[in-house]
Amino acid sequence: METLVAIIAWAVFGLIVGAIARFLVPGRQPMGMLMTMLLGVVGSLVGGMISWIFSGEANIYEPAGWIMSTIGAVIAILLFMQVGKRV
């Protein structure tokens, strides 16, 4: 049961962070709700890696907080848009 609650919490957190990142990045992003959720989760991991690079104290796979997760999601969406232009 504990694992299910953690998965649901990550999904809700990812959806909120992904929606904030999509709001901050100008332009149209052709994503549905599931991709927005995945964007937020990936953004959290990217934000955790960025904070690990600068601090060196945390585990590299540890999720980041709200701000670093949003920054990571913005970076991920910009990369996603660049890859989408090439295809």
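Preceding this section is the structure that the text describes.
Residues numbered from 1 in each chain as written. Predicted model: local features only at pLDDT ≥ 70, side-chain atom pairs only at ≥ 80, totals over all residues. Heavy atoms only, no water.

Enquirer: How would you explain helix α2 (residues 33-55) if you had to name every residue and give the values?
Expert: Helix length check: α2 (23 residues) gives 33 Å between terminal C-alpha atoms against 33 Å at 1.5 Å per residue, within 8%. Taken together, the buried positions of α2 are occupied by T36, L39, G40, G43, S44, G47 and G48. Of the residues one or two after α2, G56 is the one with positive phi, at around 75 degrees. (Helix = DSSP H or I, 4+ residues; strand = E, 2+ residues; numbered from the N terminus. Expected span 1.5 Å × (residues − 1). Buried < 20%, exposed > 50% of the residue type's maximum accessible area, 1.4 Å probe, protein only.)

Enquirer: Talk me through the environment of I16; I want residue IDs and the actual numbers.
Expert: Secondary-structure assignment places I16 in helix α1 (residues 2-24). The class for I16 is partly exposed, based on a relative accessible area of 38%. Measuring from C-alpha to C-alpha, the distance between I16 and T36 comes to 8.5 Å, with 20 residues separating the pair along the chain.

Enquirer: Can you explain the side chain of T70? Please cite residues and give values.
Expert: With respect to the element layout, T70 can be found in helix α3 (residues 66-86). With residues near it in sequence (within four places) discarded, T70 still touches V17, I20, A21 and L24. (Contact = heavy atoms within 4.5 Å.)

Take it as geometry only, folks, not as evidence of what the structure does.
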